[in-house]
Amino acid sequence: MEVRYVPDHSVLSVVVGSRAYGLESEDSDVDRRGVFVAPTRLFWRLAKPPTHVEGPLPEQFSWEVERFCALALEANPTVLECLWSPIVEHATAAGEELLSIRGAFVSGRAGQTFVGYANAQFRRLDPERPRWKQAMHMVRLLLSGLHLVRHGEPLVRMDAHRDRLLAVRRGELSWDEVNRWRSELTARFDGTGTLPAEPDRRRVEEYLASTREAAL
């Protein structure tokens, strides 16, 4: 019997991408990310439930709750930003609880991961023929991570930086100007901040255990 993990077992669905960042255009896609809880009894079989599912809507991707928690504990930028998305389309009691403990996932590791992801994007850019949209998101990622390090949560809405970021996407800033902005932001990740050294794994474990029990 086929199990429809999404949407039947979804506990959280949020909008991410340009529409969540406040950087959308009229033709921007609606990018959705979510979390589902596989029925606990399915883990007793040899064939385990999937760790993630694509669809069924276009541009939709969901993680099984355990995989989502593991990635969030590793300070994965994409996953952490899901927890702070300003557009929550669906949340069950388990989804609301996940959002309520989102602070348990953050740690000082976030500075390294956000800078690391931005640097990886930077290395894929060709200064002679830059992909300006990718360059914009590289800078946006640094802005988000810097806010997280300093204030305890990622900056998702980019209203204060919107005009300059959109200028990057339109190619109105030179490559040198974009690279200088990137360098200035990276330098501000100086190792200081308000984040704890380690995430609150115990709180996350308690959430995961209670969620599994409820899905029996």
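Let me sum up the structure you'll find in this document. Not measured: the values here are computed from a predicted model.

### Regarding the pattern of salt bridges
Item 1. Scanning the model with the defined rule gives 8 salt bridges in all.
Item 2. When the shortest N-O distance is used, the salt bridge between Glu89 and Arg32 registers 2.6 Å. On the criterion of sequence distance, the pair formed by Glu89 in strand S5 (residues 87–91) and Arg32 in strand S2 (residues 31–36) is long-range, its members being 57 residues apart.
Item 3. Across the pair Arg140 and Glu81 runs a salt bridge, and its minimum N-O distance is 3.0 Å. Of the two residues, Arg140 is situated in helix H6 (residues 132–151) and Glu81 in helix H3 (residues 77–83); the sequence distance between them amounts to 59 residues.

### A closer look at the packing of H6 against helix H7 (residues 162–169)
Item 1. Between H6 and H7, whose axes approach to 7 Å, the crossing angle comes to 150 degrees. Here H7 runs roughly antiparallel to H6, going by the angle between their axes. Every residue of H7 that contacts H6 at Trp132, Lys133, Ala135, Met136, Val139, Arg140 and Leu143 is listed here: Leu165, Leu166, Val168 and Arg169.

### Here's the deal with the sheet that holds strand S4 (residues 60–64)
Item 1. Reading across the sheet, the 5 strands line up as S3-S4-S2-S1-S5 and stay open at both edges, with mixed pairing between neighbours. The two strands at the open ends of the sheet, each matched to only one other strand, are strand S3 (52–54) and S5. On average, each strand axis in the sheet is inclined to that of its neighbour by 20 degrees, with strand direction left out of account.
Item 2. Bridge count between strand S1 (residues 10–16) and S2: 6 bridges; the pairing is antiparallel.

### Thoughts on unusual backbone geometry
Item 1. Residue Pro7 follows Val6 across a cis peptide bond; omega there is 10 degrees.
Item 2. Along the polypeptide, Pro7 turns up in the segment before S1.
Item 3. For the bond running from Gly55 to Pro56, omega is 10 degrees, close enough to zero to count as cis.
Item 4. For Pro56, the position within the fold is in the loop between S3 and S4.
Item 5. In this structure, Glu59 is a non-glycine residue whose phi angle is positive, near 55 degrees.
Item 6. Mapped onto the elements of the fold, Glu59 is located in the loop between S3 and S4.
Item 7. Note on Glu59: relative accessible area 43%, which makes it partly exposed.
Item 8. For Ala75, which is not a glycine, the phi torsion comes out positive at approximately 65 degrees.
Item 9. Along the chain, Ala75 falls in the loop between helix H2 (65–73) and H3.

About the criteria used
Residues numbered from 1 in each chain as written. Predicted model: local features only at pLDDT ≥ 70, side-chain atom pairs only at ≥ 80, totals over all residues. Heavy atoms only, no water. Salt bridge = Lys/Arg side-chain N within 4 Å of Asp/Glu carboxyl O. Helix = DSSP H or I, 4+ residues; strand = E, 2+ residues; numbered from the N terminus. Axes fitted to C-alpha atoms, helices over the stretch in contact; angles between N-to-C directions. Parallel < 35°, antiparallel > 145°, perpendicular 65-115°, else oblique. Contact = heavy atoms within 4.5 Å. Pairing = 2+ DSSP bridges. Buried < 20%, exposed > 50% of the residue type's maximum accessible area, 1.4 Å probe, protein only.

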